[in-house]
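Coordinate inspection notes
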Amino acid sequence: MSESIARRRVISYRSISSLWKHIFLLFGVLLVLLPLYFTVITAFKTQENYSLDKFGFPKPFYAGNIETALRGGRYFLWFKNSVILAGGSVLLSTIVSALGAFAFARMRFSFRHPLLSIVTALMIIPPVVMLVPLFLLLTRLHMTSTFWGAILVYAGLVTPFSVYLLTNFFKTIPFEIVESALLDGASSLDILVKILLPLSGPALVTMIVVNMLWVWNDLLVALVLLPQDDLRPLMVGVTVFGSRYNRDVPVAMMGMLMASIPMLVLYLFGQRYFIQGLVAGALKG
């Protein structure tokens, strides 16, 4: 009898604990979705409709804010700048990270583990802490207000995460594959390019998506290093555009919504590989 009561108490405790977990997760989901909901519904309202009902659905559905946002800002120029910055920095970081991860995962040299620990520790340093030294360094190199300077900074900021992710993934690839390639006379670069990278598709997609999202959505670094209007990336341009149209909130929300669409498309395109890369890193890292 006592065992039955104890079991009921355990089951009741687990049920209550599970209920609180679900409530907490539901609250977190609502906390994330509420700003998105506000942005989407506001982007398709007129200013008058927004003034009368800030959180209701658009009545009527108004698409004229798209034309106003495109005409009022320099959307396509800022979009091109963001593509250059995000694409260039992610490409440079991927090349450097692949070479570094191969060395950490498959080569034996002195201080390998301490160096990897230092690189991994760099992930926890906020970029704002390094912003002033980086700005002074680029000033001495005459690389401020240039895409190359910003690309180098962004590549350096995302490389620690990339090295960590690829190193863990490279370690999961069976050594017998690498050993057989060495016996066939393959060089280290051949092993990296022809064997490890093709087998690391999920990790590469995960790394590219995460890094692209970070660079695309960054505001602080670009605002400091690229102050000219012609060099601004999309997020900085939309922020300035929003402050210019701060009284016309629907137009500002439409500009921010359009700025988010490219990264949403990128994530949807690589979603399957993105999830595989995260799961593989969690299970095999």
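Up top is the structure these notes are about.
Below: a short report on this structure. Just so it is clear, the structure is predicted and the values come from calculations on it, not from any experiment. (Residues numbered from 1 in each chain as written. Predicted model: local features only at pLDDT ≥ 70, side-chain atom pairs only at ≥ 80, totals over all residues. Heavy atoms only, no water.)

Things to note about the pattern of salt bridges
Opposite charge on two side chains allows them to pair when their charged atoms are near. Definition in use: Salt bridge, as applied in this entry: a Lys or Arg side-chain nitrogen positioned within 4 Å of an Asp or Glu carboxyl oxygen.
Summed over all chains, the structure comprises one salt bridge. Residue D229 pairs with R232 through a salt bridge whose shortest N-O separation is 2.8 Å.

Observations concerning the packing of helix α4 (residues 75–106) against helix α10 (residues 201–217)
Basically, it comes down to this: What counts as an axis is a line fitted to C-alpha atoms, over the stretch in contact for a helix, and the angles between N-to-C directions run from 0 to 180 degrees. Secondary structure follows DSSP: runs of H or I at least 4 residues long count as helices, runs of E at least 2 residues long count as strands, and numbering of each begins at the N terminus. Each angle receives one of four descriptions, namely roughly parallel if under 35 degrees, roughly antiparallel if over 145, roughly perpendicular if within 65 to 115, and oblique otherwise. Two helices cross in a left-handed way if the nearer one is turned anticlockwise from the farther one by less than a right angle. They cross in a right-handed way if the turn is clockwise. Between two residues, a contact is recorded if the distance between any of their heavy atoms is within 4.5 Å. Under the scheme applied, nonpolar residues are Ala, Val, Leu, Ile, Met, Phe, Trp, Tyr, Cys and Pro; charged residues are Asp, Glu, Lys and Arg; polar residues are all the others, including Gly.
The contact between α4 and α10 brings their axes to 9 Å, and the two run at 140 degrees. Taken together, the axes of α4 and α10 are oblique relative to one another. Between α4 and α10 lies a crossing whose hand is right-handed. Residue-level inspection shows F79, S82, V83, L85, A86, G87, S89, V90, S93 and T94 of α4 in contact with α10, the latter providing L204, M207, I208, N211, M212, V215 and W216. Within the contact of α4 with α10, the residues separate by chemical class into eleven nonpolar, six polar and no charged.

Considering unusual backbone geometry
Cis geometry is found at the peptide bond from K59 to P60, where omega equals 0 degrees. With respect to the secondary-structure elements, P60 resides in the loop between α2 (47–52) and α3 (64–72). Phi angles above zero are rare outside glycine, and S145 is one such case at about 60 degrees. In this fold, S145 is placed in the loop between α6 (127–140) and α7 (147–172).

Structural notes on α10
Filter applied, for reference: Residue count minus one, scaled by 1.5 Å, sets the expected span of a helix. Note on exposure labels: buried denotes an accessible area under 20% of the residue type's maximum, exposed denotes more than 50%, and partly exposed covers the range between, all computed with a 1.4 Å probe on protein chains only.
Here α10 contains 17 residues, and its C-alpha end-to-end distance of 24 Å stays within 8% of the 24 Å for a straight helix at 1.5 Å per residue. Where α10 is concerned, the buried positions are P202, A203, L204, T206, M207, V209, N211, M212, V215 and W216.

Some points on the packing of aromatic side chains
Definition in use: For this analysis, a ring pair means two rings from Phe, Tyr or Trp (six-membered ring only for Trp) whose centres lie within 6.5 Å, classed as stacked if their planes differ by under 30 degrees, edge-to-face if by over 60, and tilted for the remaining angles. Counting as a charge over the ring demands two things of the Lys NZ or Arg CZ atom: a distance within 6 Å of the ring centre and an angle within 35 degrees of the ring normal.
Under the defined criterion, the tally for this structure stands at nine aromatic pairs. Here the aromatic rings of F44 and F61 are separated by 4.5 Å at their centres, their planes lie at 20 degrees, and the arrangement is stacked. You can see F44 sitting in the loop between α1 (2–43) and α2 and its partner F61 sitting in the loop between α2 and α3, a full 17 residues away along the chain. Note on F44: relative accessible area 17%, which makes it buried. An angle of 75 degrees between the planes, with centres 5.7 Å apart, marks the rings of F79 and W216 as edge-to-face. Separated by 137 residues along the polypeptide, F79 in helix α4 and W216 in helix α10 bring together distant segments of the chain. Given the relative accessible area of 28%, F79 is considered partly exposed. On the basis of relative accessibility, which here comes to 3%, the residue W216 falls in the buried class. Its end group placed over the ring of Y50, K54 keeps NZ or CZ at 5.2 Å from the ring centre.

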